[in-house]
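The chain contents come next:
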Amino acid sequence: MEPLRQVWPAELAERYRAKGYWTGETFPQALAATVRRHGDRIAVVGGESRWTYADLAQRVEIAAAGFRALGLDPGARVLVQLPNVPEFLSTVFGLFRAGLVPVFALPAHRQTELVHFGRAGEVSALVIAERHDGFDYRAMADAVRAEVGTLEHIVVVGEPHPGQIAFDGFAAGDCPPVEPDAGAVALVQISGGSTGLSKLIPRTHDDYLYSIRASNAICGMDERSVYLAALPVAHNFPMSSPGIFGAVLAGATIVMAPVPTPEIAFPLIAREGVTITGLVPPLALLWMRAAPKTDHDLSSLEVVQVGGAKFMPEAARRVRETLGCTLQQVFGMAEGLVNYTRLDDPDEAIVETQGRPISPDDEILILDDAGDPVPDGTPGHLLTRGPYTIRGYHRDPTANARSFTADGFYRTGDIVLRRADGNLVVQGRATDHINRAGEKISAEEVEDHLLAHDSVFDAAVVSLPDPYLGERSCAFIVPHGDPPGAAEIKAWMRTRAIAAFKIPDQIVFVEGFATTAVGKVSRKELRARLRESALNNRKQP
Ligand code: OOB
């Protein structure tokens, strides 16, 4: 098994420690500190459950002992695919407590993606919910186990199938003390996958906890806060910016929303007195449309964070009057760097920009195509390194060579400009991925699936602007023989066992892809031309 590692050069590590960013604290210690200070406060509310921090601590011990009793040894990886339920916390902190490393999948992921994460992470166990949002995960989990050689155990929150283990059946027991090094990998996030399949992002106790602690200070998260987990908590934004982990560090209350629609979220806000939540732009639009008509009292809301994709200024401007709270824009990435507008920034900056980095030691480069720095106000490629940005993906030298410079800067793939006040404005992407309502889709990955269809000779997937989703995906297909219908292609894509958000929103059949006199154009150029042609067609009367 390839060990999980994340190593910064010694002199940078020394600096991050000397400045107090890396404190040597680990996740189990962080939870224990909260339990000592806030044991009687409500940690999490979800479904019928309402647990105090003392309750959570007890459940974490049981989960830790249960995982260890399966024969999992410290350092083993566990794929976790859970929706927004209280058991997300007992599972993940139980894994931390047992020295095991969670690898996070989203509830929307399906067999194909889980097999990839399972193999890439060499996971020993998979934790799922029995069902969520109309999907039963249990048969899929068996199919994943059949394809992932290292995967032995399937643990189910809910009723297990034969051969699977009930999470609730974990008996109280003792988990031997484990003292992980704070520089060790605590968890694995999944990249948005701009090129090909998603990559694994190892995050250490030191680096992740620093980003969370600092986020709490920036976002005003304290023990009086009530955080509504509306987005799927496995995602880096609602997990750590400051999200549910920020709430745990602060002793705040987490309210788990099973789905983020106004119908579900608004009554929870009113009932629990929610003060802060995080949304992607399309959800923020939905909430703003519903808020003026709702009977539910939303007045407890102090901060609504919006991020994951560009929030347009026209929409951002309306947040305060419609939702009655402060907007905070969040521009982050699972690889590390997170930018926030500050709560006391002038309205103009909150509306027009995506904020500035968490840390004074987040190093930001904005470069032109030749690799030279551009002046403030000029768009360029964003590169970054710092105390909580990874130095490399797990076991992927090709991706690392492409995504990191020799001196350790991460190439974000984002095009941004920096204003004189230090705030960043996101202008777009340099790489071909589609940011569909905050869900990142790799064009290449979808093209690969399309090419597996008998009637598809060639395929190119591009993003098109969409008034609601921000971007939608459009697949241009050169058919082999008679073109199949768009509906047939979509139905067939559904049989590929992939997340539904990856199925193209639009399909256009074309006779062929233009090639230059010199020969075949690059896929990047081809996608750019197809996008142009689609945009021009649209503009014609
Ligand atoms: C967050 O993380 P990922 O890993 O799903 O996606 C990162 C990418 C960024 O490189 C950028 O292209 C895009 O998502 N993005 C934004 C944005 N926030 C993220 N583009 C424009 N405006 C924004 N506000 O999406 C993520 C992680 C932590 C906190 C927040 C978001």
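Before reading on, note that the structure itself is shown above.
Residues numbered from 1 in each chain as written. Predicted model: local features only at pLDDT ≥ 70, side-chain atom pairs only at ≥ 80, totals over all residues. Heavy atoms only, no water.

J.: I'm lost on the site of the ligand in this one. Help?
T.: In the vicinity of the ligand lie 19 residues, with His 235, Val 330, Ala 334, Asp 414 and Lys 440 positioned nearest. One of the side-chain nitrogen or oxygen atoms of Arg 429 is found 3.3 Å away from an oxygen atom of the ligand. The separation between an oxygen atom of the ligand and a polar side-chain atom of Lys 440 is 2.9 Å. The set of elements that each furnish at least two residues to the shell around the ligand consists of α8 (236-240), β16 (326-333) and β22 (424-429). The element that contributes the greatest number of residues to the shell around the ligand is β16, accounting for four residues. Of the residues belonging to the shell around the ligand, the class tally is seven nonpolar, eight polar and four charged. (Near = heavy atom within 4 Å. Polar contact = N/O pair within 3.5 Å; in protein donor to acceptor, adjacent residues only side chain to side chain. Helix = DSSP H or I, 4+ residues; strand = E, 2+ residues; numbered from the N terminus. Nonpolar A, V, L, I, M, F, W, Y, C, P; charged D, E, K, R; others polar.)

J.: What am I meant to see in the sheet that holds strand β21 (residues 410-418) here?
T.: Backbone hydrogen bonds are what pair the strands of a sheet, in a parallel or an antiparallel way. Taken together, the four strands give an open sheet; going across it, the order is β19-β20-β21-β22, and neighbouring strands pair in antiparallel fashion. Single-partner strands in this sheet number two, and they are β19 (363-367) and β22. For this sheet, the mean angle separating the axes of adjacent strands, direction not counted, is 45°. The pairing of β21 with β22 spans five bridges and is antiparallel. Counterpart to Val 416 in the pairing with β22 is Val 426. (Pairing = 2+ DSSP bridges. Axes fitted to C-alpha atoms, helices over the stretch in contact; angles between N-to-C directions.)

J.: Where do I start with the state of the cysteines in this structure?
T.: Enumeration over the complete set of coordinates arrives at zero disulfides. Here Cys 219 is not cross-linked by a disulfide; its sulfur's nearest cysteine counterpart is in Cys 325, at 13 Å. Here Cys 219 falls in the buried class, since its relative accessible area comes to 2%. (Disulfide = S-S within 2.5 Å. Buried < 20%, exposed > 50% of the residue type's maximum accessible area, 1.4 Å probe, protein only.)

J.: Explain the sheet that holds strand β14 (residues 276-279) to me, please; I cannot follow it from the model alone.
T.: Reading across from one edge, β2-β1-β13-β12-β14-β15-β16-β17-β18 is the order of the nine strands in this open sheet, with mixed pairing throughout. If you trace the sheet from one side to the other, it starts and ends with β2 (49-52) and β18 (356-357), each paired once. With two bridges connecting them, strand β17 (residues 336-340) and β18 associate as antiparallel partners. Note that in β18 the partner of Asn 339 across the bridge is Pro 357. Relative to the sheet, helix α10 (residues 262-272) contacts β1 (42-46), β2, β12 (226-229) and β13 (253-256), its axis offset from that of β12 by approximately 165°. Packed on one face of the sheet, helix α11 (residues 281-290) meets β12, β14 and β15 (303-307) and runs near 120° to β14. (Contact = heavy atoms within 4.5 Å.)

J.: I would appreciate a short explanation of the side chain of Ser 240 in the present structure.
T.: Topologically, Ser 240 is positioned in helix α8. The exposure class assigned to Ser 240 is buried, which follows from its relative accessible area of 3%. In this structure Ser 240 touches Tyr 208, Ser 211, Ile 212 and Ser 215, once residues within four positions along its chain are discounted.

J.: So what exactly am I meant to see when it comes to the side chain of Thr 341 here?
T.: Assignment of secondary structure puts Thr 341 in the loop between β17 and α14 (347-352). The buried category is assigned to Thr 341, whose relative accessible area is 0%. At 2.9 Å, the side chain of Thr 341 forms a polar contact with the backbone nitrogen of Gln 329. Non-local contacts of Thr 341, meaning those with residues more than four positions away in its chain, are made with Leu 327, Gln 328, Gln 329, Ala 349, Ile 350, Thr 353, Gln 354 and Gly 355.

J.: In this structure, what is going on with the packing of aromatic side chains? I would like to understand it.
T.: Each aromatic ring pair is specified by the distance between its two centres and by the angle formed by the two planes. Scanning all chains against the criterion turns up 21 aromatic pairs. Ring geometry for Phe 93 against Phe 96: centres 5.3 Å apart, planes inclined by 90°, an arrangement best described as edge-to-face. Separated by three residues within a single helix, Phe 93 and Phe 96 lie in helix α4 (residues 87-97), roughly one turn from each other. The exposure class assigned to Phe 93 is buried, which follows from its relative accessible area of 2%. Note that Arg 110 overlies the ring of Phe 135, its terminal NZ or CZ placed 3.7 Å from the centroid. (Phe/Tyr/Trp six-rings, centres within 6.5 Å; stacked < 30°, edge-to-face > 60°. Lys NZ or Arg CZ within 6 Å of the ring centre and 35° of its normal.)

J.: Even after reading the chapter, I still don't get α10, so can you show me in this structure?
T.: Along an α-helix, residues three or four positions apart point the same way, because every turn accommodates 3.6 residues. Taken together, the buried positions of α10 are occupied by Pro 262, Ala 265, Phe 266, Leu 268, Ile 269 and Glu 272. With its buried residues spanning 165° around the axis, α10 presents them on a single face. Facing away from the buried side of α10 by over 90 degrees, the exposed positions are Glu 263 and Arg 271. Taken from the residues just after α10, Gly 273 is the one with a positive phi, measuring 65°. (Arc of directions from axis to C-beta.)

J.: Explanation requested: the packing of helix α5 (residues 111-121) against helix α6 (residues 138-147) in the structure shown.
T.: Helices that pack against each other are described as a pair by the angle of their axes relative to one another and the distance between those axes. Two numbers describe how α5 lies on α6: the axes approach to 9 Å, and their chain directions differ by 40°. In terms of orientation, α5 and α6 fall into the oblique class. For the pair α5 and α6, the crossing hand works out as right-handed. Along the contact surface, α5 presents Gln 111, Leu 114, Val 115 and Arg 119, while α6 presents Met 140, Ala 143, Val 144 and Glu 147. Per-class residue counts for the contact of α5 with α6 are five nonpolar, one polar and two charged. (Parallel < 35°, antiparallel > 145°, perpendicular 65-115°, else oblique. Left-handed = near helix turned anticlockwise from the far one by under 90°.)

J.: I'm lost on the pattern of salt bridges in this one. Help?
T.: Opposite charge on two side chains allows them to pair when their charged atoms are near. The tally for this structure, following the rule as stated, stands at 34 salt bridges. Ionic pairing is found between Glu 130 and Arg 131, a salt bridge with its closest N-O pair at 3.4 Å. A salt bridge links Arg 523 to Glu 447; the nearest nitrogen and oxygen atoms lie 3.6 Å apart. Of this pair, Arg 523 sits in helix α18 (residues 523-539) while Glu 447 sits in helix α16 (residues 443-451), and the two are 76 residues apart along the sequence. The class for Glu 447 is buried, based on a relative accessible area of 4%. Connected via shared salt-bridge partners are Asp 432, Glu 447, Asp 458, Arg 523, Arg 527 and Arg 531. (Salt bridge = Lys/Arg side-chain N within 4 Å of Asp/Glu carboxyl O.)

J.: Teacher, can you tell me more about the packing of α16 against helix α17 (residues 486-494) here?
T.: Relative to each other, α16 and α17 sit at 105°, their axes nearing to 10 Å. One finds that α16 runs roughly perpendicular with respect to α17. Of the residues in α17, those touching α16 at Val 446, His 449 and Leu 450 are Ile 489, Trp 492 and Met 493. The residue inventory of the contact of α16 with α17, partitioned by class, reads five nonpolar, one polar and no charged.

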